[in-house]
Amino acid sequence: MPVRRLLLALALVAASGCLEDRSRGGGGNGGGNGVFRPTDGGASSVDAAGLDAGADTTDGGASTTDAGAVDAGARDAGPARDAGPGRDAGTPPPRDGGTAPPRDAGPPAATVGLSFVGCPADFGGEIVVSYNGSIAIGSVDAHVLTSSLQFDLDGAGTKTLSTQHRIQSGEVVNLVIGGTTWTNMSTDTDVIIGNAPDPIGGTLVVRDYVPSAGRVDVNFINVTLADTQAGSVCHIHGTATAVRLAP
């Protein structure tokens, strides 16, 4: 055989042996994927068939997945955060578990059926009844106390009001409107010593008086109270009743 043909035959045999070794390089699984795994620590190389089959690389990197696997994977196919019953799946219940009751759901704490002359009292707002040693019936409008009746009495009974009665008994009846107080005692020295007519008068009929429980039932009969600063007179007639403490 000529030397040139002999060299060509040897080259073909060598090439055939390299290709056979490469096809077997995948290990003992037959090498059907034609995957070549280098041993020098480099990145794995995957031929076209391996890419379509979703073959994993072996150098610790992320798995290679074709475009079909992305769309068909568990992330979109299974139950997701918004697919099942969750926080936004229904109407949340109220924080308190139901409809909150009104601030004061009981009967009216007090009723003020009084007429006022000479003093601009207004009990048309929210009625409050409080106790701090004495009892007060107040009217609140837009969080402001507009008018208040205050009683510090010895108990039930009929009281004939005068400046001397206040001094001797210590019983107090006040009407407070804003910064002005009308009370059952004159601050005029001449009235106190008896040298001037007393502007305080009228009768207070107390039918019930338990201030710590928020109870008072008082009938004003032509009662007159005096302004502690200017001395003007307030005329009050009618009934004021409280049955319980209420904010």
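**With respect to the packing of aromatic side chains**
So, step 1. The final tally for this structure, using the stated rule, is two aromatic pairs.
So, step 2. Between phenylalanine 116 and phenylalanine 123, the aromatic rings sit 5.9 Å apart at their centres with planes inclined by 15 degrees, giving stacked as the arrangement.

**Structural notes on the pairing of strand E7 (residues 180–183)**
Where a strand is regular, its side chains alternate between the two sheet faces.
So, step 1. Across four bridges, strand E6 (residues 172–177) lies against E7 in antiparallel orientation. When the bridges of E7 are listed, asparagine 174 appears paired with threonine 183.
So, step 2. What sits between E6 and E7 in their antiparallel hairpin is a turn of two residues, with glycine 178 showing a positive phi close to 65 degrees.
So, step 3. Pairing of E7 with strand E9 (residues 215–227), which is carried by two bridges, proceeds in the antiparallel orientation. The residue of E9 that forms the bridge with threonine 183 is alanine 226.

**Focus: the nonpolar core**
So, step 1. By size, the foremost hydrophobic cluster in this structure holds 32 residues, and its most contacted members are Phe151, Leu175, Leu204 and Phe220.
So, step 2. The set of elements that each furnish at least two residues to this core consists of strand E1 (110–117), strand E3 (135–141), strand E4 (144–152), E6, strand E8 (201–210), E9 and strand E10 (233–242).
So, step 3. Counting residues per element, this core draws most heavily on E9, at six residues.
So, step 4. Every residue in contact with phenylalanine 220, bar those within four places of it in the chain, is listed here: Leu114, Leu149, Phe151, Val173, Thr203, Leu204, Ile236, His237, Gly238 and Ala240.

**Looking at the side chain of lysine 159**
So, step 1. Secondary-structure assignment places lysine 159 in strand E5 (residues 157–160).
So, step 2. On the basis of relative accessibility, which here comes to 9%, the residue lysine 159 falls in the buried class.
So, step 3. Those residues within four positions of lysine 159 in sequence are excluded, and the remaining contacts are Asp154, His165, Glu171, Gly202, Thr203, Leu204 and Val206.

Conventions used here
- Residues numbered from 1 in each chain as written.
- Predicted model: local features only at pLDDT ≥ 70, side-chain atom pairs only at ≥ 80, totals over all residues.
- Heavy atoms only, no water.
- Phe/Tyr/Trp six-rings, centres within 6.5 Å; stacked < 30°, edge-to-face > 60°.
- Pairing = 2+ DSSP bridges.
- Helix = DSSP H or I, 4+ residues; strand = E, 2+ residues; numbered from the N terminus.
- Core = buried A, V, L, I, M, F, W, Y, C linked by side-chain atoms within 4.5 Å.
- Buried < 20%, exposed > 50% of the residue type's maximum accessible area, 1.4 Å probe, protein only.
- Contact = heavy atoms within 4.5 Å.

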